[in-house]
Amino acid sequence: QLPKVIFPLAHAFWLVHREATDLIHCGDLYPPGVISLWFKRLLGIPYLVYCHGDEIAQTDRRRYQPMVRDHIYHGADAVVAANEFARQNLLRIGIAPDRIHKITPGVDFERFRPRPRDPELAARFCPNGETVLLTAARLVPRKGHRNVLLAVAKIVREVPKLRYLIVGEGPEKERLQSLAAKLGLGQVVAFVGDVPNERLGDFYNLCDLFVMANRESESGDIESFGMVFVEANAAGKAVVGGRSGGAVEAVVDGVTGLLASPDDVDELAAALKKLLADEPLRRKLGDAGLRRARAEFDWKTRAELLRQIDQEILQKARARGGRQS
């Protein structure tokens, strides 16, 4: 895959010289990580690299990629772990604890906040006061849509007027549609497709409960955090997530939502049934989730933490006689 780096390398080289760059933020391992490593060795420009955790889990199964990955992380002046799952994986591959800084993503509280149901969406999806279950995620195996459908089929007769909305597109769509039809959920499940980012908050406010039964796929793909859980909490909604990957940090089990084994359909169905049947409990968990989201996931505090790390890197680089601002 080395030829893929040629044009990004040329573009980065042009930017670095045009902007008299002091520090590079590297958002991905390849090609940005490789380019940042080269620039540090050739030009002395320090770099910071972000880690979500899934890139480590996925590359573990490859033959040569772990070696390249580890060179990039070890060569970085700082590594920002986006969650505890990422931090633990970085420690596992030998990154020194004092070089890892955990900064979780933030939430846009203007877009994601409690609001009344949008009348147009309510008329379209729940005109008769249906109880709305929502999943907003790309239609890929690790998001767990299949097992949610199986769980819904188990409880649909016990939850009056249930409506399950699936927001998102992806390669699993036809399989999931076929499964929904096979399970007799044609009148219960609606595949909404992609929605504009500015409308996603309306869907969170439309639902009574959010679910994503995230799981590890056969390829090693895993949910590193699951910001959708925090976004739904920011809208005041309780959530149900898979006890897998970083979701165990995104969802505080029993406080902001419930966690269930993503491959145990009975456990997942029990969690859904418990919350769908208990509106006071849903409201209690949603309120707690809203408080936590606003206390721990504000973008301003994220930016301040990142700026502090930048300043520390630049001070060390100047002390070593590196590039000056």
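In what follows, the structure referred to is the one given above.
What you see is a predicted model, and the numbers here were worked out from it, not measured in a lab.

**Concerning the overall build of the protein chain**
Inference 1: In terms of helices and strands, the protein chain carries 14 helices and ten strands.
Inference 2: Against the compact-globule benchmark of 20 Å for 325 residues, the protein chain has a radius of gyration of 22 Å, which places it among compact chains.
Inference 3: For the C-alpha atoms alone, the extent of the protein chain along its principal axes is close to 70 × 40 × 35 Å.
Inference 4: Relative to its full complement of 325 residues, the protein chain shows a buried share of 53%.
Inference 5: Pairs at least 24 residues apart make up 71% of the contacts formed inside the protein chain by residues separated by at least 6 positions.

**Re the sheet that holds strand E7 (residues 189-193)**
Inference 1: With respect to topology, six strands assemble into an open sheet ordered E7-E6-E5-E8-E9-E10, the strand pairing being parallel. Since the sheet does not close on itself, it has two edges, and those belong to E7 and strand E10 (257-260), each with one partner. Neighbour-to-neighbour, the strand axes of this sheet turn through a mean angle of 20 degrees, independent of strand direction.
Inference 2: Across four bridges, the pairing between strand E9 (residues 239-242) and E10 is parallel. Directly across from Gly241, in E10, lies its bridge partner Leu259.

**Here's the deal with the packing of aromatic side chains**
Inference 1: Under the criterion given, the structure shown has six aromatic pairs.
Inference 2: Between Phe13 and Phe39 the ring centres are 6.2 Å apart and the planes differ by 65 degrees, which places this aromatic pair in the edge-to-face class. Here Phe13, found in helix H1 (residues 6-18), pairs with Phe39, found in helix H2 (residues 29-43); they are 26 residues apart in sequence, far enough to count as distant.
Inference 3: Overall, Phe13 belongs to the partly exposed group, its relative accessible area being 42%.
Inference 4: Residue class for Phe39 comes out buried when judged on its relative accessible area of 4%.
Inference 5: Measuring from centroid to centroid gives 6.0 Å for Phe210 and Phe229, while their planes differ by 85 degrees, and the two rings are edge-to-face. Taken together, the residues Phe210 in strand E8 (residues 209-212) and Phe229 in helix H10 (residues 227-234) connect sequence positions 19 residues apart.

**A look at a nonpolar patch on the surface**
Inference 1: A surface patch of nonpolar side chains, about 420 Å² in accessible area, is lined by Leu2, Tyr30, Trp38 and Leu42.
Inference 2: Among the structural elements, Trp38 can be located in helix H2.

**Topic: the sheet that holds strand E2 (residues 47-51)**
Inference 1: With respect to topology, four strands assemble into an open sheet ordered E1-E2-E3-E4, the strand pairing being parallel. Edge positions in the open sheet fall to strand E1 (24-26) and strand E4 (100-102), since each of these has one partner strand only. Strand-to-strand twist of the sheet, defined as the mean angle between neighbouring strand axes without regard to direction, takes the value 25 degrees.
Inference 2: As paired strands, strand E3 (residues 78-81) and E4 are joined by three bridges and run parallel to one another. Along E4, the bridge assignment pairs Ala81 with Lys102.

**Some points on the pattern of salt bridges**
Inference 1: A full pass over the atoms with the stated rule returns 27 salt bridges.
Inference 2: Across the pair Asp70 and Arg69 runs a salt bridge, and its minimum N-O distance is 2.8 Å.
Inference 3: Overlapping salt bridges, with partners in common, bring together Asp60, Arg69, Asp70 and Arg92 in one network.

**A look at the pairing of E7**
Inference 1: Summarising burial for E7: four of the five residues are buried, a large majority.
Inference 2: Examined bridge by bridge, strand E6 (residues 162-167) and E7 share four bridges and lie parallel to one another. Bridge assignment links Tyr164 to a residue of E7, and that residue is Val189.
Inference 3: At this point the chain moves from E6, through helix H8 (residues 173-182), to the parallel E7, and the crossover so formed is right-handed.

Rules and cut-offs
Residues numbered from 1 in each chain as written. Predicted model: local features only at pLDDT ≥ 70, side-chain atom pairs only at ≥ 80, totals over all residues. Heavy atoms only, no water. Helix = DSSP H or I, 4+ residues; strand = E, 2+ residues; numbered from the N terminus. Rg over C-alpha atoms; globule rule 2.2 N^0.38 Å. Buried < 20%, exposed > 50% of the residue type's maximum accessible area, 1.4 Å probe, protein only. Contact = heavy atoms within 4.5 Å. Pairing = 2+ DSSP bridges. Axes fitted to C-alpha atoms, helices over the stretch in contact; angles between N-to-C directions. Phe/Tyr/Trp six-rings, centres within 6.5 Å; stacked < 30°, edge-to-face > 60°. Patch = residues over 30% accessible without salt bridge, like charges linked within 9 Å, V, L, I, M, F, W, Y side chains within 5 Å. Areas by Shrake-Rupley, 256 points an atom, 1.4 Å probe, with all protein chains shown as cover. Salt bridge = Lys/Arg side-chain N within 4 Å of Asp/Glu carboxyl O. Right-handed = clockwise from strand over helix to strand, strands pointing away.

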